[in-house]
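Overview (structure and organization)
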Amino acid sequence: MAKERIPNEGDEMQIDGGVCEERVARAIPEGFNPDYLKIYYGKLFPYADMFKWLSYGNDGKHPACDHSYFGRREFSFTLENDIYIRFQSFGSAKEMENSIKEKCPFKIDIGPVYSVDPAKRHAYAQGGNNVFAPVERELVFDIDMSDYDDVRYCCSGADVCLECWPLMTIAIKVIDTALRDDFGFNHILWVYSGRRGVHCWVCDSKARRLNNEHRAAVTDYFHVYKGGENSLKKVTLAGPVLYPFLARSYTDVLKSFFEEKLLRSQNLLASEERCQKILGFIPDESVAAELLDKWQGNRRSSISKEDVNVVRWDQLKHMLQSGKQKIQGLRRCVEEIVFSYTYPRLDMEVSKHMNHLLKAPFCVHPKTGRVCVPIDPNNCEDFDPTTVPTLSHLLEEINEGSMMMESNNEWERSSLGKSIEFFRSSFLQPLLKSCKEEMESAYSAKIKQSKNSLSW
Ligand SMILES: [Zn+2]
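Residues numbered from 1 in each chain as written. Predicted model: local features only at pLDDT ≥ 70, side-chain atom pairs only at ≥ 80, totals over all residues.

What to know about the overall build of the protein
When its secondary structure is counted, the protein shows 16 helices and 11 strands. Looking at the 456 residues of the protein, the share that counts as buried comes to 34%. (Helix = DSSP H or I, 4+ residues; strand = E, 2+ residues; numbered from the N terminus. Buried ≥ 20, exposed ≤ 12 C-beta atoms within 10 Å, placed from the backbone.)

If you want it as structure tokens, here you go:
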């Protein structure tokens, strides 16, 4: 089969009659366009893995398999020119693959599994017997960096950089730990949203079967951030002690990220305005005034070689937590500041409702051209959004690879390979193993029950 050759500007480039350096010659311009996307969907998108995942073991030969399961899942596509088509469904991996290749969606969203095939919902509605309603859906979380604009000074809106990305690292660590340790979930997938945030998919069967009420309860568990656009104090920590989840998050994650990273990288106490903002957390005006006086002093003297943010933070802590501050509220202030500047900010509505759509992993973000790759929560400090493979980079790799041996799996030697391997080994394989176990034990229980009823 003839290989498609991706057109690129460098092909004709020559220097002094000789072909210039190979890497430069093959450079495919950065960006995002339908031609790039077509090749991506043609050669790299992991259809089989997506199908395996969303089938949850129901694609096998076991008598307990529900072969209608995958076909009752809603997909929605955003096409070029913002044309949005909902309630797509596919009977098989091949059907899904053909549809994606044909329509070349700029974005693919995944919705719930419904009681009936969502594409045929109108026909069922006329029959009257089947109610069209969502019956299963992963518990999902959506965290977006633009919700942190009041606590980051390096970027705003859709922009992210390595100075503010640790806010996402914090969110992954705090939420992942609680989902595993406090809720007992095991099959959790974290995905880079392609631009400014992260998505979390909790795929345990007990998570998929939560109703809206349960989802709201789980979401509320994480709800500490209660600030609006205009309120300075984003967090109110009530009671004499923090409840265990918050205390653990504070000690294990928030405090160290705040003191060792964000304080300096965001220059949280480097200007009068930023100082005033933090002083606004302190309810006792005389204490705040005394602190401001100290801070103005160390600006004038500037004898210390130490970072001004760190010096000022130590002064604040000393003042608020020293023995003479008997009032509980003042001691708690330090924690409230740290929580306000670091604690994860969830898009609550996404998590609360079964029928909310969420962008599929391995989509490509149209603004950045970056692939929505999984993130390893155990090594999330190492995740760097600026080095995530872009479409053009991947196409370049395909071009280079086409000179070499043929392979059925183009992704294996592309930089997407690592992500797909991780998806399989850390998420998909353990997930499918427990799906199989659950299916077998449910089935044998059913057999036992019917035998018992027969013996009567
Ligand atoms: Zn930034």
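Next comes the rest of the write-up.
Re the environment of leucine 210
Mapped onto the elements of the fold, leucine 210 is located in the loop between α7 (205-208) and α8 (212-221). Overall, leucine 210 belongs to the partly exposed group, with 19 C-beta atoms counted inside 10 Å. Along the primary structure leucine 210 and glutamate 138 are separated by 72 residues, whereas in three dimensions their C-alpha atoms are 8.6 Å apart. What leucine 210 contacts, discounting residues up to four positions off in sequence, is Leu139 and Arg215. (Contact = placed C-beta atoms within 7 Å.)

Side note on the sheet that holds strand β7 (residues 139-144)
Pairing within the open sheet is antiparallel, and its 4 strands lie in the order β7-β9-β8-β11. With partners counted over all chains shown, the strands left at the sheet margins are β7 and β11 (374-375), one partner each. Pairing geometry for strand β8 (residues 188-192) and strand β9 (residues 197-202), over 5 bridges, is antiparallel. Residue tyrosine 192 lies in a different strand from β9, and its bridge partner there is valine 198. Running over the sheet, helix α6 (residues 166-181) touches β7, β8, β9 and β11 and is turned about 10 degrees from β9. (Pairing = 2+ DSSP bridges. Axes fitted to C-alpha atoms, helices over the stretch in contact; angles between N-to-C directions.)

Remarks on the pairing of strand β5 (residues 107-114)
β5 sits mainly inside the fold: 6 of its 8 residues count as buried. Bridging between strand β3 (residues 73-78) and β5 involves 5 bridges; their strand directions are antiparallel. From the neighbouring strand, phenylalanine 77 faces β5, where its bridge partner is isoleucine 108. Here β5 runs beside strand β10 (residues 358-359); their pairing, made up of 2 bridges, is antiparallel. Bridging across to β10, isoleucine 110 finds its partner in leucine 358. Here β5 runs beside strand β6 (residues 134-136); their pairing, made up of 2 bridges, is antiparallel. Across the sheet, the residue bridging to tyrosine 114 is proline 134, located in β6.

Considerations on helix α9 (residues 244-265)
When the local axis directions of α9 are compared, the greatest deviation, roughly 50 degrees, occurs at tyrosine 250. Within the span of α9, buried status applies to Leu246, Ser249, Tyr250, Val253, Leu254, Phe257, Phe258, Leu262 and Leu263. (Bend = angle between axes of the 7 residues up to and from the residue.)

Looking at the nonpolar core
Buried together is how nonpolar side chains tend to be arranged in soluble globular proteins. Core analysis: the largest hydrophobic core is formed by 97 residues, its most contacted members being Ala171, Val198, Cys200 and Leu254. Each of two domains, domain 1 (27-222 + 348-444) and domain 2 (244-342), supplies a minimum of three residues to this core. With sequence-adjacent residues up to four places away left out, leucine 254 is seen in contact with Ile170, Ser249, Val338, Phe339, Thr342 and Tyr343. (Core = buried A, V, L, I, M, F, W, Y, C linked by C-beta atoms within 7 Å. Domains from an automatic or database assignment.)

As for the packing of α9 against helix α12 (residues 308-321)
Between α9 and α12, the least distance of the axes is 9 Å, while the angle of their chain directions is 125 degrees. Judged by the angle between their axes, α9 and α12 are oblique. Considering only the axes of α9 and α12, their crossing is right-handed. Contacts between α9 and α12 involve Glu259, Leu263 and Arg264 on the former and, on the latter, Asn309, Val310 and Trp313. The residue makeup of the contact of α9 with α12, split by class, is 3 nonpolar, 1 polar and 2 charged. (Parallel < 35°, antiparallel > 145°, perpendicular 65-115°, else oblique. Left-handed = near helix turned anticlockwise from the far one by under 90°. Nonpolar A, V, L, I, M, F, W, Y, C, P; charged D, E, K, R; others polar.)

Let's talk about the pairing of strand β4 (residues 84-88)
Both β3 and β4 contribute to a ladder of 3 bridges, which runs antiparallel. Within β4, the position partnered with phenylalanine 75 by the bridge is glutamine 88. Where β3 folds back on β4, the antiparallel hairpin that results is connected by 5 residues, among which asparagine 81 adopts a positive phi of roughly 65 degrees.

Quick look at the packing of α6 against α9
To describe two helices that pack against each other, one gives the angle between their axes and the distance between the axes. At a minimum axis distance of 10 Å, the contact between α6 and α9 shows a crossing angle of 165 degrees. Between α6 and α9, the angle falls in the class roughly antiparallel. For the pair α6 and α9, the sense of crossing is right-handed. Judged by residue contacts, Pro166, Ile170, Lys173, Val174 and Ala178 of α6 engage Phe245, Ser249, Val253, Leu254, Phe257, Lys261 and Leu262 from α9. By residue class, the composition of the contact of α6 with α9 is 9 nonpolar, 1 polar and 2 charged.

Topic: helix α2 (residues 34-43)
Taken together, the buried positions of α2 are Tyr36, Leu37 and Tyr40. Projected onto a plane normal to the axis of α2, the buried residues spread over an arc of 95 degrees and lie on a single side. (Arc of directions from axis to C-beta.)

A word on unusual backbone geometry
A positive phi angle, near 60 degrees, is found at aspartate 82, a position not held by glycine. With respect to the helices and strands, the residue aspartate 82 is situated in the loop between β3 and β4. Within the chain, asparagine 267 stands out as a residue other than glycine whose phi angle is a positive 50 degrees. Its place among the elements puts asparagine 267 in the loop between α9 and α10 (272-279). A count of 16 C-beta atoms within 10 Å places asparagine 267 in the partly exposed class.

As for the confidence of the model for the protein
As a general rule, the predicted coordinates of low-pLDDT regions are not to be interpreted in detail. Taken residue by residue, the protein gives an average pLDDT of 88. The fraction at 70 or more is 86%. In this model residues 1-5 is a low-confidence stretch, pLDDT under 50, and it forms 2 contacts with partners more than four residues away in sequence or in other chains. Low confidence marks residues 7-24, where pLDDT is under 50. Its contacts with residues over four positions away, or in another chain, come to 16 contacts. (pLDDT = per-residue confidence, 0-100.)

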